[in-house]
Amino acid sequence: MNRFIVSFLLLLSTVCAFAQGTVKGRVIDKNTNESLQFVNAMVSVEGQTKNLKGAITDENGTFNISGLPNGKYVLTLSY
């Protein structure tokens, strides 16, 4: 019985992990095509002004925001 419970909990946690979304990308300068460092990337729910999660670009201009529930979002970048 304990094996069943442990197996069920592991399966449930795997399903929950797959149900979360990720927003990732790379920010580059349009004119010079160079990566932009330290750009703020904020995600908010569509139709709302409150930021849900955020990240800062690294030295390659990439960012990764994970753990988002399914839905429609707006990505805002500020430099």
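The rules behind these values
- Residues numbered from 1 in each chain as written.
- Predicted model: local features only at pLDDT ≥ 70, side-chain atom pairs only at ≥ 80, totals over all residues.
- Heavy atoms only, no water.
- Helix = DSSP H or I, 4+ residues; strand = E, 2+ residues; numbered from the N terminus.
- Buried < 20%, exposed > 50% of the residue type's maximum accessible area, 1.4 Å probe, protein only.
- Polar contact = N/O pair within 3.5 Å; in protein donor to acceptor, adjacent residues only side chain to side chain.
- Contact = heavy atoms within 4.5 Å.
- pLDDT = per-residue confidence, 0-100.

Further remarks concern the side chain of T57. Topologically, T57 is positioned in the loop between strand 3 (51-56) and strand 4 (62-69). On the basis of relative accessible area, T57 is assigned to the buried category, the value being 2%. Within the structure, the side chain of T57 is placed 3.0 Å from the backbone oxygen of L36, a separation counted as a polar contact. A distance of 3.0 Å separates a polar atom in the side chain of T57 from the backbone nitrogen of F38. Apart from the residues lying within four places of it in its own chain, the contact partners of T57 are V27, L36, Q37, F38, V39, T62 and F63.

Mean pLDDT over the chain works out to 82, with 76% of the residues at or above the 70 mark. Under a pLDDT of 50 for its full length, residues 4-17 has, in the predicted model, zero contacts with residues more than four places off or in other chains.

Our next topic: the side chain of S44. Looking at the secondary structure, you find S44 in strand 2 (residues 40-45). Under the relative-accessibility criterion, S44 is labelled buried at 6%. If we ignore the near neighbours within four places in the chain, the residues touching S44 are K50, N51, L52, K72, Y73 and V74.

Looking now at the environment of I56. Tracing the sequence through the fold places I56 in strand 3. Those residues in contact with I56 that sit more than four places away from it in its chain are F38, V39, N40, T62 and F63.

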